[in-house]
Amino acid sequence: MGGDMDLQILNERQREAVEHIKGPLLVLAGAGSGKTRVLTYRIAYLIEDQGVLPSNILALTFTNKAANEMRHRVEKLIGGVASSMWIGTFHSICVRILRRDADVIGFTKDFVIYDTADQKTLTKNIMKRLNISDKDLKINFVRAKISEAKNEMISPEKFQDMYTSDYQLKQVGKIYGEYQKEIAQNNAMDFDDLLLNTLELFRVNPEILEFYQRKFQFIHVDEYQDTNGVQYSLVRKLAARNLNLCVVGDNDQSIYGWRGADIRNIQDFEKDFKDGRVVLLEQNYRSTRKILDLANGVIQNNPKRRDKNLWTDNHSGEDINYYRARDNSDEARYVANEIIKRFENGASYNEFAVLYRTNAQSRDFEEAFIRASIPYKIIGGLKFYERKEVKDLISYLRLIANPSDEISLQRIINTPKRGIGDKTVENVFALAHREGISAYDAIELAVETKAFPNRALSGLKEFFDTISPFVRNADNYKGSDILDAVIKATGYRDELVREGTIEAQTRIENIDELYSQILNYESMHDDVTLNMYLQEISLLSDQDDIEEDESGHILLMTIHAAKGLEFPTVFLVGLEERLFPSEMTMETDEGVEEERRLCYVGITRAEQTLHLTHAAQRMRFGRTMVNKVSRFIDEMPKELIFSHSGEIATREASPIQIGPKYKTVTPSRPVSASDSDEFRAGVKVRHQLFGDGMVISVKGAGENAELTIAFDKKGIKKLMLGIAPLSIVD
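All figures in this text were calculated on a predicted structure; none of them were measured in a lab. (Residues numbered from 1 in each chain as written. Predicted model: local features only at pLDDT ≥ 70, side-chain atom pairs only at ≥ 80, totals over all residues. Heavy atoms only, no water.)

## Some words on unusual backbone geometry
What counts here: Think of it this way: any DSSP run of H or I at least four residues long counts as a helix, any run of E at least two long counts as a strand, and we number them from the N terminus. With a 1.4 Å probe rolled over the protein chains alone, any residue whose accessible area is under 20% of its type maximum counts as buried; one over 50% counts as exposed, and the rest are partly exposed.
Along the chain, Thr415 connects to Pro416 via a cis peptide bond; the corresponding omega equals -5°. In this fold, Pro416 is placed in the loop between helix H18 (406-412) and helix H19 (422-435). For the bond running from Phe580 to Pro581, omega is 15°, close enough to zero to count as cis. Phi angles above zero are rare outside glycine, and Asn131 is one such case at about 60°. Along the chain, Asn131 turns up in the loop between helix H5 (116-129) and helix H6 (139-151). For Asn131, a relative accessible area of 72% gives the class exposed. Unusually for a residue other than glycine, Lys450 sits at a positive phi of about 55°. Here Lys450 is to be found in the loop between helix H20 (439-449) and helix H21 (454-472).

## Observations concerning the packing of H6 against helix H9 (residues 191-204)
Which entries qualify depends on this criterion: Here an axis means a line fitted to C-alpha atoms, over the contact stretch when the element is a helix, while the angle between two N-to-C directions is reported on a 0 to 180 degree scale. Roughly parallel means an angle under 35 degrees; roughly antiparallel, over 145; roughly perpendicular, 65 to 115; everything else is oblique. Definitions for this section: a left-handed crossing has its near helix turned counterclockwise from the far helix by less than a right angle. A right-handed crossing has that turn clockwise. Residues count as neighbours in contact if any of their non-hydrogen atoms are within 4.5 Å of one another. Residues are grouped as follows: Ala, Val, Leu, Ile, Met, Phe, Trp, Tyr, Cys and Pro are nonpolar; Asp, Glu, Lys and Arg are charged; every other residue, Gly included, is polar.
Direction vectors running N to C along H6 and H9 enclose 20°, while the axes themselves pass 10 Å from each other. As judged from the angle between their axes, H6 and H9 are roughly parallel. Considering how the two elements wind past one another, H6 and H9 form a crossing that is left-handed. Of the residues in H9, those touching H6 at Ser147, Lys150 and Asn151 are Asp192, Asp193 and Leu196. Here the residues of the contact of H6 with H9 are counted per class, giving one nonpolar, two polar and three charged.

## What to know about the environment of Ala442
Here Ala442 lies in helix H20. By relative accessible area, Ala442 is classed as buried at 0%. Apart from residues lying up to four places away in sequence, Ala442 is in contact with Val428, Leu431, Ala432 and Ile437.

## Topic: the state of the cysteines
We count it as follows: Cysteine sulfurs are considered disulfide-paired once they come within 2.5 Å of each other.
Per the counting criterion, the structure on display carries zero disulfides. Take Cys94: it sits in no disulfide, and the sulfur closest to it among the cysteines is that of Cys246, at 19 Å.

## Comments concerning the sheet that holds strand E10 (residues 352-356)
Worth spelling out the cut-off: Two strands form a pair only when DSSP identifies at least two bridges running between them.
The strand order across the open sheet formed by seven strands is E11-E12-E10-E13-E14-E9-E17, and the pairing between neighbours is parallel. Of all strands in the sheet, those with a lone pairing partner are strand E11 (376-378) and strand E17 (641-643), marking the two edges. For this sheet the average axis-to-axis angle between neighbouring strands, irrespective of direction, equals 25°. Relative to strand E14 (residues 606-615), strand E9 (residues 320-325) runs parallel, the two sharing five bridges. Following the sheet pairing, Tyr323 is matched in E14 by Thr613. The strands touched by helix H14 (residues 289-299) within the sheet are E9, E14 and E17, with E14 carrying the most contacts at an inclination of about 50°. Sitting on the sheet, helix H27 (residues 589-603) touches E10, strand E13 (567-572) and E14, and the angle it makes with E13 is about 140°.

## What about the domain arrangement of the protein?
Test applied: Where a domain begins and ends is set by an automatic assignment or by a domain database.
Annotation of the protein at the domain level lists domain 1 (12-101 + 196-283), domain 2 (112-186), domain 3 (292-381 + 546-645), domain 4 (384-539) and domain 5 (683-728). Computed from C-alpha atoms alone, the centre-to-centre distance between domain 2 and domain 3 is 39 Å.

## Notes on the pairing of strand E22 (residues 691-699)
Examined bridge by bridge, strand E21 (residues 684-687) and E22 share four bridges and lie antiparallel to one another. Residue pairing across strands places Val685 opposite Gly693, the latter belonging to E22.

## Side note on the pattern of salt bridges
Going by this rule: By convention in these notes, a salt bridge is any Lys or Arg side-chain nitrogen within 4 Å of a carboxyl oxygen on Asp or Glu.
Applying the stated rule across the entire model yields 51 salt bridges. Between Lys271 and Asp268 there is a salt bridge, with its nearest N and O atoms 3.9 Å apart. The closest approach of N and O atoms between Lys488 and Asp484, which form a salt bridge, is 3.3 Å. With Lys488 and Asp484 both in helix H22 (residues 479-490) and four residues apart, the pair spans about one turn of that helix. Bridged by salt links that share partners, the residues Lys35, Asp222, Glu223, Asp226 and Lys563 form one connected network.

## Observations regarding a positive patch on the surface
Rules: Patch members must show over 30% relative accessible area and no salt bridge, and they are joined within 9 Å when carrying like charges or within 5 Å when they are nonpolar side chains of Val, Leu, Ile, Met, Phe, Trp or Tyr. Each accessible area is a Shrake-Rupley estimate made with a 1.4 Å probe; only the visible protein chains count as cover when residues are assessed. We count Lys and Arg on the positive side and Asp and Glu on the negative side, and we leave His and both chain ends out. Where a charge lies is defined by one atom per residue type, namely NZ (Lys), CZ (Arg), CG (Asp) and CD (Glu).
A grouping of Lys120, Lys124, Lys128, Lys417 and Arg455 is seen on the molecular surface, where their side chains present a positively charged patch. Considering each element in turn, the positive patch owes the most residues, three residues, to H5. With respect to the helices and strands, Lys120 occurs in helix H5. What makes Lys120 partly exposed here is its relative accessible area of 34%.

## A closer look at the packing of aromatic side chains
Note the threshold: Between rings of Phe, Tyr and Trp, where Trp is taken as its six-membered ring, a pair exists when centres lie within 6.5 Å; planes separated by under 30 degrees are stacked, by over 60 edge-to-face, and by other angles tilted. Whether a charge lies above a ring is judged from NZ of Lys or CZ of Arg, which has to be within 6 Å of the ring centre and within 35 degrees of the ring normal.
Evaluation of the coordinates by the stated rule reveals 16 aromatic pairs. Here the aromatic residues Trp86, Phe202, Phe211, Tyr212 and Phe216 are joined through ring pairs into a cluster of three or more. Seen from the ring of Phe111, Arg99 lies directly overhead, with NZ or CZ sitting 3.9 Å from the centre. Over the ring of Tyr256 we find Arg259; its NZ or CZ atom is 4.0 Å from the centre of that ring.

## Side note on the environment of Ile379
Turning to its location among the elements, Ile379 is positioned in the loop between E11 and helix H17 (388-401). Here the alpha-carbon distance between Ile379 and Ser630, two residues 251 residues apart in the chain, equals 25 Å. Those residues in contact with Ile379 that lie beyond four places of it in its chain are Leu555, Leu556, Met557 and Ala561.

## Here we look at the pairing of strand E1 (residues 25-29)
For E1, a buried count of five out of five residues is recorded, marking the element as mostly surrounded by other parts of the structure. In E1, alternate side chains face the same way, and those of Leu25, Val27 and Ala29 on one face and Leu26 and Leu28 on the other are all buried. The pairing of E1 with strand E8 (residues 277-281) spans five bridges and is classified as parallel. Along E8, the bridge assignment pairs Leu26 with Val278. The pairing of E1 with strand E7 (residues 245-249) spans four bridges and is parallel.

Have a look at this one:
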């Protein structure tokens, strides 16, 4: 057979899991405890020692990478005989099953699989036919709700019954029903259908289910904590005959609840399988003792978890580094400086990873690394200035600063959608060429002279009426004021809010981060013009990629993207309440528990060195937020942590300690234009750029109220409430 399988290299618990053959088995594998080794050795042991045919073994994973790695490692252990195993993702295994018997449920065996673009096109066509505007109901929102329903095994009929009184979801129900009819007529399935239709095949024809139950005598599932309801049902049905089911996972690393994963699947394993056996893998081969003790200290605060305690034979290691930064820029400088120090002492750049809760946090670190000539790479996303929403809004600013910028105009003329098609854009540029004028001026000329058909002119007029007031007044306002007004006038942010998906929320966070970044730049420089700001970010975003040597590059990524990875040195940043844990999760105990598991995942990515950072103040949503330290810092054993900023801060600490010295920060609270009656003569206020001052007089009301304010350091200013970034000082 070939190969080099040696069970002696396994520890006692790993070997126990490998040699357990008959009956259900749950392997609770802590971070870095060798779960992939257990799975691959178990499969190899079944084939080589127990005489099981490879074709009678099924192994289910969540990624093609994991499936390929598993197959490769099994073949390395026992040779090419393992090639006939069924190892793959849930989706790929279901495709194999459906290709054989799809005709039983009304499809041909050569059915088409619709990708994301196909699904969007089909949804758009159905909405058009049902006269449902994509302005009122965003296509991505509809797709997300349909996928959600499928993952919870809710049919179109049941969905419509559930939401009879919710107008928006009632419309989604209609679209869902038509979507399922039409996709079936097209002999097609989307990704969710692949799983659901396999279940339907088993329901309609029990003989087919029995065939696969007999075939798959031994079933393995990796990352069981990430399974949703449909995947759980598939596993239960396939394993029902032989009950030789081995699931591997870690309830402490269940971090995909927002994506449909149901932690109860792993928590209730012993209820589902009364005779099931549980093996705990607690010996960690990755991290130092101090890193593991820190992780254990955090995760033990989650109730309802299966108690396990990671330990290691590795050395004790360095103290955990904790830095309490003055603000987000100081936080990024600290990370850059620490990397440079270690690099100068012989470390390679590819030994470092910066992990954050949200993609929007990458911007500060990107700028710090660019200024320090540190090569970096964003994993699982684009660099900040390459993200669509950021490029769109910067294009607006560039066009306002320079109406002759035809590249920027072409990018945003129909963003958000105004009904301006490619043909109309071609006609605009043709007119500009004929008249020897810019495309912007050609739009004005076309609108004034009615040079195009009414339908085309309507969108062009909307665009020109939106952009021209900014072009005329660009020199009279700061870039932050213009950006804020552009976001409102175009409805760019509002459209994403209506979309209501996780992806849309990420894009909103990037927009808010861009606005915060402009405010921050303006606060650091006097008399900033829009052109000065655009020049600054051009120098940041248009630089050639820093040449990489053998030292590689720093990796920046969300903690979600880091799951399954490991690095010698990890910076876990942004440990603040409402950022981590995320504000969106704090309303429920379950939400906070998942955030705590996410923190545990972040900590356990570190092999040798771990840095924790928290910014006392952070620019978010265009306002300076004074942040409490994350509760997860409070939960960490303090004896393990070396603080670069004096004593470890607690969430209640006041006055807040910044850097090596104490500084009392007077709290301020944001007030919206709708609360304009709170701004009256004598009220103390704070402006992001001008600092503290006092309102002298107020003229008008609401967003159009004009405030006259005497600032302590900037003198008397007249500001419009709807635009000015003001907060009341308590």
